Structures are given as structure tokens and as C-alpha cells.
Amino acid sequence: MKRLGSDFFNVPTLVLAERLLGKIFVHREGPGKVIKGRIVETEAYLGDGDEACHAWRGMTDRNRAMFGPPGTLYIYFSYGCHYMANIVSEPEGAAGAVLLRAMEPIEGIEWMQTRRKTGEMTALMSGPGKLTQALGIGPALYGKSLLGDTCWLEEAPDIPHEMVGISPRIGISRSTGLPWRRFVSDSPHVSKTQSGPSAKKRKKAVGM
DNA sequence: GCGATGATGAACT
DNA sequence: GTTCATCATCGCA
């Protein structure tokens, strides 16, 4: 299985978001301990004109990885309980990254089930906080490159264009109109719109 | 089954 | 002090 190189990541964020669908994300935690998942859902975040992007107002201590070279991992701890994994795109210096929102378990499923405390396949990685837990992604991977030998992506066939779903991003309260979410429309592993993401809060944020 | 709410840490104003 | 790119659980129907 061929690893994807820097050329794969060195493209505009929206292109990368769609290109990532179907690819295999690999995390090698140690000898004989390899976890793999197939990416089925992503979201694009741009530093320019996107108020939902952490790098929208410029570089800070937290988001500096988003300004790094393409293929860098931007790990972010949120809500006091969950990590989120992003892949940096575009040339170095421009802020832009793709949030990994959901994957399909491929390998190392036993470890995922132990960490996630569930045996249900569609619940293992069907959400941004879930997949980082299943993969064992944490602060140790902040700023790491997918061109290294701890984490990388494996080549896989592109998803046919008619199978790629497009929708506004989920779970954010700013720039909600931008249709920058990409997902494999027939996959049972995409994040469920759980229970309506706090409709009241959203109304409040919109100003109703 | 569905929807609302609390948990919980770090960055930002 | 408030916000946040979330998830699991509790309450009610």
C-alpha cells in the first residue's frame, strides 16, 4: 500500500477536503500496534474569511500548526473532553486545514472497541471526538507530519463524484452558511446529526 | 425514540 | 467570565 506524499496535501483546502474521502488514515502507536480508518467525512476550515476557523484572526499559540507545511496534523482539545484532528493544507504560511469528522474502522478494531467502550462498529469513529479517541490521537501528535513514520495516509481509490455529499458544516456557530462539509453519502459511518445540535443555542447565536 | 442538558479544559475578550 | 469545530446521558413521551 502506497503512502501519500506532500503533493497530495499541497492543494487548496476545499480540494483536499474532497480528496481525503476514501483514503486510509494510519496511526502506528508501536511495534505491531497499528490502527487504520477510512476517511468518510471531512470539513474545510480556511483562515481567510471563515469566522469558524481558529486561525481566522491570525496566528495564536494554539493554532500555530495550522500555518505549518501541508500534511501537518493540527490537534485541538475541545469541550474539556475531546480531541479533534485536522490535516493542514495549502502552502506553508497560509492558514487552512481539513477537520476529520468520521471514519470507517479498518484495522485495530479491538483497540478501538476497548478505548471507545463499545462494540458497535458504526459508533467507533462516527464523529470527530470519537475517531480521535479510537485512533489514540492526542496532544503528543500536535504538529506532527503525516509524511513521518508515526502517522500517514495510504493511497485508495477516489470516491466517485456522485457519491460525495456536500452540506454546511456541523456544530459551529459562525459562518454556518458555507457548504464546506464533504462526506461519502452511502457510508453508515458518517457522524449522525445526533440529537438536534442544541437548536436553542444556535438560534441565540444567530440572533433570534 | 426524541430532544435538552451537563461535563470539563483551554483560549479568547 | 464566556465561548467552543463534542459526546453521553438523563428526562419525557
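Quick notes on the rules
Residues numbered from 1 in each chain as written. Chains lettered and ligands numbered in written order. Predicted model: local features only at pLDDT ≥ 70, side-chain atom pairs only at ≥ 80, totals over all residues. Heavy atoms only, no water. Helix = DSSP H or I, 4+ residues; strand = E, 2+ residues; numbered from the N terminus. Buried < 20%, exposed > 50% of the residue type's maximum accessible area, 1.4 Å probe, protein only. Near = heavy atom within 4 Å. Polar contact = N/O pair within 3.5 Å; in protein donor to acceptor, adjacent residues only side chain to side chain. Phe/Tyr/Trp six-rings, centres within 6.5 Å; stacked < 30°, edge-to-face > 60°. Lys NZ or Arg CZ within 6 Å of the ring centre and 35° of its normal. Axes fitted to C-alpha atoms, helices over the stretch in contact; angles between N-to-C directions. Parallel < 35°, antiparallel > 145°, perpendicular 65-115°, else oblique. Left-handed = near helix turned anticlockwise from the far one by under 90°. Contact = heavy atoms within 4.5 Å. Salt bridge = Lys/Arg side-chain N within 4 Å of Asp/Glu carboxyl O.

Trainee: Help me out: how do you make sense of the overall build of chain A in this one?
Mentor: For chain A, the helix and strand inventory stands at six helices and eight strands. Its helices and strands taken in sequence order, chain A reads α-α-β-β-β-β-β-α-α-α-β-β-β-α from the N to the C terminus. The dimensions of chain A, computed from C-alpha atoms along their principal axes, are 50 × 40 × 35 Å. Sorting the 208 residues of chain A into buried and exposed places 49% on the buried side.

Trainee: Sorry if this is basic, but what is going on with the protein's contact with DNA strand C here?
Mentor: As a structural note, the neighbourhood of DNA strand C is formed by 21 residues, with Tyr79, His82, Asn86, Gly171 and Ile172 the closest of them. The sugar-phosphate backbone supplies 60% of the atoms of DNA strand C found within 4 Å of the protein. A distance of 3.1 Å separates a phosphate oxygen of DNA strand C from a polar backbone atom of glycine 129. Separating a phosphate oxygen of DNA strand C from a backbone N or O atom of serine 173 is a distance of 3.4 Å.

Trainee: Looking at this model, I keep getting lost on the packing of aromatic side chains. Mind explaining?
Mentor: For any pair of aromatic rings, the description consists of the separation of the ring centres together with the inter-plane angle of the planes. Throughout the structure, instances matching the rule amount to three aromatic pairs. Between phenylalanine 8 and phenylalanine 9 the ring centres are 5.2 Å apart and the planes differ by 85°, which places this aromatic pair in the edge-to-face class. Phenylalanine 9 matches phenylalanine 8 in its accessibility class, with the two residues each being buried. Each ring, one from tyrosine 74 and one from tyrosine 142, has its centre 6.1 Å from the other, and the planes form 75°; the classification is edge-to-face. Taken together, the residues tyrosine 74 in strand β3 (residues 73-78) and tyrosine 142 in the loop between α5 (128-135) and β6 (151-154) connect sequence positions 68 residues apart. Overall, tyrosine 74 belongs to the buried group, its relative accessible area being 1%. The cationic tip of arginine 3 hangs over the ring face of tryptophan 152; the distance from NZ or CZ to the ring centre is 3.7 Å. Of note, arginine 169 hangs over the ring of tyrosine 45, and the distance from its end group to the ring centre comes to 4.5 Å.

Trainee: So what exactly am I meant to see when it comes to the packing of helix α3 (residues 109-116) against α5 here?
Mentor: The angle between the axes and the distance between the axes are what describe a pair of packed helices. Direction vectors running N to C along α3 and α5 enclose 120°, while the axes themselves pass 8 Å from each other. Between α3 and α5, the crossing angle belongs to the class labelled oblique. Viewed along their axes, α3 and α5 form a crossing whose handedness is right-handed. Mapping the contact onto sequence places Met112, Arg115 and Arg116 in α3 and Lys130, Gln133, Ala134 and Leu135 in α5.

Trainee: Would you explain the pattern of salt bridges in this entry?
Mentor: Close approach of charged atoms allows side chains with opposite charge to pair. Tallied over the entire structure, the rule returns 13 salt bridges. A salt bridge links glutamate 18 to arginine 182; its shortest N-O distance comes to 3.4 Å. One end of the pair, glutamate 18, is in helix α2 (residues 13-19); the other, arginine 182, is in strand β8 (residues 181-184), and 164 residues separate them in sequence. Taken together, the shared-partner salt bridges connect Glu41, Glu43, Arg101 and Arg181 into one network.

Remember, this is a structural readout, not a statement about activity or role.
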